[in-house]
Amino acid sequence: MSSMETLPTRLMPDLLDRQAGASQLMVFDMGFGVHETVEYFGNRRCRLHFAGIPDALNVPPSIRSKTPFGQMVNKAEQDDAMQNAWLERFQSAMKFEPGTQFDLCLFWDYFNYLDDLALKAFADAIAPFVGPQTLGHAYILLKPETNVLNREYGILARDQISVRPGTHGNLPSFPRPQARMTSMMKGFAVNHSVLRRDGLLEVALKSA
């Protein structure tokens, strides 16, 4: 992929239609501010928040082991410390005004760059900004596949997604089944899903 391409989307139209009545649409984009998304929402009252989460993933957080030298590492304690470190990292990237609640969350394919602990931490970080009407959209990598990674997405039209080569480098990826992903994204449940020809699972989410 050397320039922008267009992907059809079967799920985005329903998500957009269900939020059409919002007096001021609140949109969270997990990536960066591509001009297609900005232009698409530019004709209505809307607030766009771009988190730039890939910047938070370039150097994973590090933790110091509290286990004395020569003793067996406490894996549960180590995992808790790493999850808390990721939580602090994501919270620093999501310093939104108190009371902010998003109507639509555009997660794109970024869940695939979070291991299990990071994904759980991300769910905790965004939880304060999720309300009963919040909807989400994501692409899930079900099995190892490199040619669908490192992309930047945007909303080109109601039923079309723009996609171009990404700028976040070769981040490691963590394929996982849909059920495993949703079990870690507490606060969200899968409403619909469609398996695309490129192997990505397109998922529409709702707050749970």
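Preceding block: the structure.
Counting restarts for each chain: residues are numbered from 1 in the order of the written sequence. Local features in this predicted model are restricted to residues of pLDDT 70 or higher, and side-chain atom pairs are both shown and tallied only at a pLDDT of 80 or more, whereas totals for entire chains, interfaces and linings draw on every residue. In computing side-chain values, all of the structure's heavy atoms are included and hydrogens and water are not.

## Brief notes about the environment of Ala127
Helix numbering and strand numbering both begin at the N terminus, where a helix is a DSSP run of H or I of at least 4 residues and a strand a DSSP run of E of at least 2. Here Ala127 lies in the loop between helix H5 (116-126) and strand E5 (130-141). A sequence separation of 23 residues divides Ala127 from Asn150, and the C-alpha atoms of the two residues are 26 Å apart.

## Remarks on the pairing of strand E3 (residues 46-50)
A pair of strands is labelled paired if DSSP reports no fewer than 2 bridges between them. Across 5 bridges, the pairing between strand E2 (residues 25-29) and E3 is parallel. Each bridged residue has a counterpart across the sheet, and for Val27 the counterpart in E3 is Leu48. Throughout, right-handed denotes a crossover for which the path from the first strand over the helix to the second runs clockwise when the strands point away from the viewer. Read as a crossover between parallel neighbours, the route from E2 over helix H2 (residues 35-41) to E3 is right-handed.

## Notes on the pattern of salt bridges
Pairing between side chains of opposite charge can happen when their charged atoms approach one another. In what follows, salt bridge is the name for a side-chain nitrogen of Lys or Arg lying within 4 Å of a carboxyl oxygen of Asp or Glu. Applying the stated criterion across every chain yields a total of 9 salt bridges. For Arg18, the salt bridge goes to Asp14, with nearest N and O atoms at 3.6 Å. Pair noted here: Arg18 and Asp14 are both in helix H1 (residues 12-18), with a separation of 4 residues, about one helical turn. A salt bridge links Asp198 to Arg151; the nearest nitrogen and oxygen atoms lie 3.7 Å apart.

## What about the packing of aromatic side chains?
The geometry of two aromatic rings is summed up by the distance between their centres and the angle between their planes. Pairs were defined over the aromatic rings of Phe, Tyr and Trp, the Trp ring being its six-membered one, requiring ring centres within 6.5 Å. Orientation was assigned from the angle between planes: stacked under 30 degrees, edge-to-face over 60, tilted for the rest. Tallied over the full model, the rule gives 17 aromatic pairs. Between Trp108 and Tyr153 the ring centres are 5.6 Å apart and the planes differ by 15 degrees, which places this aromatic pair in the stacked class. Placement of the pair is Trp108 in strand E4 (residues 102-108) and Tyr153 in strand E6 (residues 151-157), with a sequence separation of 45 residues. A centroid spacing of 6.3 Å and a plane angle of 50 degrees characterise the contact between Tyr110 and Tyr113, whose relative ring orientation is tilted. The residues Tyr110 and Tyr113 share a single accessibility class, namely buried. Site record: aromatic cluster; members linked through ring pairs are Phe28, Trp86, Phe90, Phe96, Phe102, Phe107, Phe111, Phe122, Phe129 and Phe188. The classification of residues rests on relative accessible area computed with a 1.4 Å probe and restricted to protein chains. Under 20% of the type maximum is buried, over 50% is exposed, and intermediate values are partly exposed.

## What about the state of the cysteines?
The criterion for a disulfide is a pair of cysteine sulfur atoms lying within 2.5 Å. Across all of its chains, the model carries 0 disulfides by this definition. Looking at the unpaired Cys46, the closest cysteine sulfur is the one in Cys105, lying at 12 Å.

## Remarks on the sheet that holds strand E1 (residues 5-8)
Spatially, 3 strands are ordered E1-E7-E6 in an open sheet, and the strand pairing comes out antiparallel. Each edge of the open sheet is held by one strand with a lone partner, namely E1 and E6. Geometrically, the sheet is characterised by an average inter-axis angle of 35 degrees between neighbouring strands, direction not taken into account. Summarising the sheet, E6 and strand E7 (residues 160-165) pair through 6 bridges and their orientation is antiparallel. From the neighbouring strand, Ile155 faces E7, where its bridge partner is Ile161. Lines fitted to the C-alpha atoms define the axes, with helices restricted to the stretch that makes contact. Angles between their N-to-C directions range from 0 to 180 degrees.

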